[in-house]
Amino acid sequence: MSRPSLAGLLLVVLAACSPCMCAAEDSSDTKSIAAALKSLADDSRVLGKDDASRTGAQRMLSDDLRARRAEANRRDRDAWRKITSREEWEKFRDERIAALRRSLGADGPRGELKLRSLRTIEGDGFRIENVVFESRPGVTVTANLYSPAKPTDSMPGMLLCHSHHRPKIDGELQDMGMIFARAGCLVLVMDQLGHGERRQHPFATEKDFDGPFRPSRQDYFFRYNVGMQLHLVGESLIGWMAHDLSRGVDVLLARPGIDPKRIILMGAVAGGGDPAAVAAALDPRIAVAVPFNFGGPQPENTYPLPDDAEESFNMFGGGSWESTRNLRRSIGDGFPPWVIVGSLAPRGLIYAHEFSWDRERDPVWKRLETIFGWYDARDRLCFTHGYGRVTLSSNEASHCNHIGAVHRKLIYPTLEKWFGIPAPKDEYRDRREASELLCLPSPGGAEVAMPLLHSVLRLGVTDREAERARAETAATVEERTARMRKEWSGLLGDVSAAPDAQATAAAAAQEAAPFSMERLVVKTEREIVVPILLMTPHSALKETESRAGKRPLVVGVAQAGKSTFLRERADRLTELLKAGIAIALIDVRGTGETAVGSDRARNSAATSLSSSELMHGGTLVGAQLRDLRTALATLRKRKNVDPSRIALWGDSFAPLNDREVRVPLDAEKQPRLAEPLGHLLALLGGLYEPELAAVVSARGGLASLASLLESPFPCIPHDALIPGALLMGDLDDLSAAIVPRPMWIGGLVDQHNHPAETPGQEGQRSLLPRTVKASRAAASTNFVIRPDDQPGPDLTAWLIERLK
């Protein structure tokens, strides 16, 4: 309480400024206002300054997501309790598996397999073929096919889906391939997308980067980048993995002597069970699935489970950077993992756990027993598990790379009972050198095309752009804009402003010589609140003379929040205030005061929260747009604001990259990420808010979303992602929809957070060809695009002119 008030601080700074001097273009006055704004940057909090308030603001988003997940779990329990028969279960199941299928993206085309055997290795009672095939046109899968040395007329087929630890060449996978081949099975072990010979990065060995990193973990880490790029085109990493496994079934069925009724899919610990379970749920040709660590308790869960697990167990899990674990829309559309594994009934299911399993308290096991009972198929439900806990050492717990010998002990007798596959008397082992099991380079120099995923996706986007351009030639501007609003709403989630929202004062208004300052709070939904800092000048110049006592307003938004906005743009904001324009700086959820920290990388809390929002069926950008639109609606109602003269200013203060972007994802120095949220909200706000008088993206916006597919190293945070955006268009389409309203775009960046490489004004205009075309068609001179890294006084002069 002993600190001077903000009003006092401003009065001290501005005491020498008389009202006439404040209205004059006096440099000392300008500096004084700018200094006051920078001081305000250190005192800009709206939601409270004490530690509890700060913590509460930072936890707001996570608390909201957690509450919504708890409600989803309650709905799931209630829905389950209402199911009393096989018929009711099948209706419940079919709706949710259809939703699962939709969430994964379009099922890939099933063209010709183009299966080729590149090399054969003979063993004791088995042989190994190194094979390649196409899972999609132009997408090659590398695999090892184990078969009996003497094939029979009727052989079971088996797919082994490896973990994220090691690809197909790993010793445990070799052991299983040889054991089951010697028992009369055909066993296919593929490199999953992004792993082994299908890696999406150049860091295979320690020699591939000058600095410490873990080569063996890069395939796993780069799942993050691959997953983001697939999301952009409306696909998913787990969807592609499941499709590849289904194509693996095609490979098995193409072999002579295979028994189509005995197809078995095993998914390893640590990320192999996820795609295995999904693939089995979607492909009825799979007779038995053995998905480890999927469906029920995870290695990270408390062991033993609590006595009230039936009520307290979280069926959905939570968001993280591993997109194969937290399936998009799984909470919103109600398909938690237990539904996916339960959908296999009455086919065979071996419910598999890497470590100790609390059978008595596991609520998922109880549901599975009930489901299989409805089919009189309890004998098609079995289990396997290990011992110890994930936190214990390998001497105390059953850690493994994929599926260990201890886990296989319970699998062998089950498969013998169900399919007549003889259980081995001992664990056969004859591991080969990894080099023997590689498909590339192929023996004899046979050409095997292995394009990286980003280039395959980029080609698809180019094809869709051409199709969209042809379809839009016949549409009017109004028709295209209406269609875009509808389509983007389908991607973003609910973006409508909260009805009847009000701005309430968080503190008494504070007065200073040149302007007053108000701290406002707008509640947009549940417990989500949006803090606003509103600055209103006391006088206006002629060019922005008030209309019936109402002033123009500039609304600013950025990921870094209003405090950084004040600090970095004090000079520009000063120019607006001196021109009589009011300013509102808004922290939409997850920004500024309500951000969850400064870390925005793969392992950050921000990424987990963004992933959780995808699980609920929304996007963080969509929720932030809803916050922005709600705030705009409340500001329009203010007596001193002219609703016809409101401009939206999105900005970014993220430093540009001066670092190498082609680095391992655990290297000490990671590339700096772009922060394109301000740009996205400016464009989306312009699309959905036709009353806006002008739209500004001052700095740091992405030149295009498609540019994120030009390398394996996209430098954006996860929460800037809009799954499926490139199916609907690109950012150029959004800015084109704003024409002919005034729009200023400056300082665009590329996928690596470097300045977009186009020299000069005309080069910059080439970045947004559709926007340029639209402005020419409308004979509009209101579109400005600049290469400036930092906005200068010409921006505010332009904005003042448009808000007259």
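Criteria and thresholds
- Residues numbered from 1 in each chain as written.
- Predicted model: local features only at pLDDT ≥ 70, side-chain atom pairs only at ≥ 80, totals over all residues.
- Heavy atoms only, no water.
- Helix = DSSP H or I, 4+ residues; strand = E, 2+ residues; numbered from the N terminus.
- Buried < 20%, exposed > 50% of the residue type's maximum accessible area, 1.4 Å probe, protein only.
- Core = buried A, V, L, I, M, F, W, Y, C linked by side-chain atoms within 4.5 Å.
- Contact = heavy atoms within 4.5 Å.
- 1 Å grid on protein atoms, 1.4 Å probe; cavity = no way out; pocket = protein on both sides within 12 Å on 5 of 7 lines; lining within 4 Å.
- Points joined across faces, edges and corners; volume = space filled by probe spheres on them.
- Nonpolar A, V, L, I, M, F, W, Y, C, P; charged D, E, K, R; others polar.
- Axes fitted to C-alpha atoms, helices over the stretch in contact; angles between N-to-C directions.
- Parallel < 35°, antiparallel > 145°, perpendicular 65-115°, else oblique.
- Left-handed = near helix turned anticlockwise from the far one by under 90°.
- pLDDT = per-residue confidence, 0-100.
- Pairing = 2+ DSSP bridges.
- Expected span 1.5 Å × (residues − 1).

Asks: I tried to follow unusual backbone geometry on my own but got confused; where do I start?
Replies: Backbone phi values are negative for most residues with the exception of glycine, while trans is the configuration of most peptide bonds. In the segment running from Tyr 303 into Pro 304, the intervening peptide bond is cis, with an omega of -5°. Mapped onto the fold, Pro 304 is located in the loop between strand E7 (288-291) and helix H11 (309-312). For the peptide bond that leads from Val 739 to Pro 740, omega is 10°, which places it in the cis range. Mapping Pro 740 onto the fold places it in the loop between helix H23 (731-738) and strand E18 (743-746). Of note, Asp 376 is a non-glycine position whose phi angle comes to about 55°, a positive value. Among the secondary structure elements, Asp 376 is positioned in the loop between helix H13 (363-374) and strand E9 (381-385). Given a relative accessible area of 72%, Asp 376 falls into the exposed group.

Asks: Is there a simple way to explain the nonpolar core in this structure?
Replies: A general trend in soluble globular proteins is that nonpolar side chains are found buried together. Trp 488, Leu 492, Leu 553, Val 555, Ile 586 and Leu 628 are the most contacted members of the largest nonpolar core, which totals 88 residues. At eight residues, the largest contribution of residues to this core is made by helix H21 (residues 677-688). Aside from chain neighbours lying at most four places away, what touches Leu 628 is Val 555, Ile 586, Val 588, Leu 648 and Leu 681. Core analysis: the second largest hydrophobic core is formed by 67 residues, Leu 188, Ala 242, Leu 282 and Leu 349 among them.

Asks: It is not clear to me how the layout of surface pockets should be interpreted in this structure. Could you clarify?
Replies: For the largest pocket, the calculated volume is near 1,000 Å³. Split by residue class, the lining of the largest pocket holds 19 nonpolar, 12 polar and 16 charged.

Asks: I keep staring at the packing of H21 against H23 and nothing clicks. Help me out?
Replies: For any two helices packed against each other, one specifies the inter-axial angle together with the distance between the axes. As a packed pair, H21 and H23 sit with axes 8 Å apart at the nearest point and diverge in direction by 45°. What the angle tells us is that H21 and H23 run oblique. Note that H21 runs across H23; the crossing there is left-handed. The residues of H23 that touch H21, namely those facing His 679, Leu 680, Ala 682, Leu 683, Leu 684, Gly 686 and Leu 687, are Leu 731, Leu 734, Ser 735, Ala 737 and Ile 738.

Asks: Explanation requested: the confidence of the model for the protein in the structure shown.
Replies: Summary statistics for the protein give a mean pLDDT of 91 and a share of 92% for residues scoring 70 or more. Contacts from residues 1-25, a stretch scored under 50 in pLDDT, to residues over four places away or in other chains number 32 contacts.

Asks: Even after reading the chapter, I still don't get empty space enclosed by the protein, so can you show me in this structure?
Replies: Using a probe with the size of a water molecule, rolled over the atoms, empty space left in the structure can be pinpointed. Evaluated as defined, the whole model comprises six cavities of 30 Å³ or more. Taken as a whole, the largest cavity encloses approximately 160 Å³ of empty space. Lining the largest cavity are 19 residues, with His 231, Ser 323, Asn 326, Leu 614 and His 718 sitting closest to its centre. Within the residue set of the lining of the largest cavity, elements represented by two or more residues are helix H5 (86-104), helix H8 (223-232), helix H9 (237-253) and helix H19 (605-615).

Asks: Looking at this model, I keep getting lost on the sheet that holds strand E6 (residues 258-267). Mind explaining?
Replies: Backbone-to-backbone hydrogen bonds join strands into a sheet, with any given pair of strands oriented parallel or antiparallel. Pairing within the open sheet is mixed, and its nine strands lie in the order E1-E2-E3-E5-E4-E6-E7-E8-E9. Both edges of this open sheet fall to strand E1 (116-122) and E9, since each of them pairs with a single strand only. Between one strand axis and the next, the sheet turns through 20° on average, direction left out of account. Sheet topology note: the strand E4 (residues 155-161)/strand E5 (residues 186-190) ladder contains four bridges and is parallel. Note on E5: the bridge partner recorded for Gly 157 is Leu 186. Those strands touched by helix H6 (residues 171-182) are strand E2 (126-136), strand E3 (139-148), E4, E5 and E6, and its axis lies near 50° from that of E3. The strands touched by H9 are E2, E3, E4, E5 and E6; relative to E2, the strand with the most contacts, the crossing angle is about 125°.

Asks: What is the right way to look at H21 in this model?
Replies: Along an α-helix, residues three or four positions apart point the same way, because every turn accommodates 3.6 residues. If you check H21, its first and last C-alpha atoms are 16 Å apart, about what 12 residues at 1.5 Å a residue would give, namely 16 Å. Within H21, 12 of the 12 residues are buried, which leaves the element mostly enclosed by the surrounding structure. By the burial criterion, the buried members of H21 are Leu 677, Gly 678, His 679, Leu 680, Leu 681, Ala 682, Leu 683, Leu 684, Gly 685, Gly 686, Leu 687 and Tyr 688.

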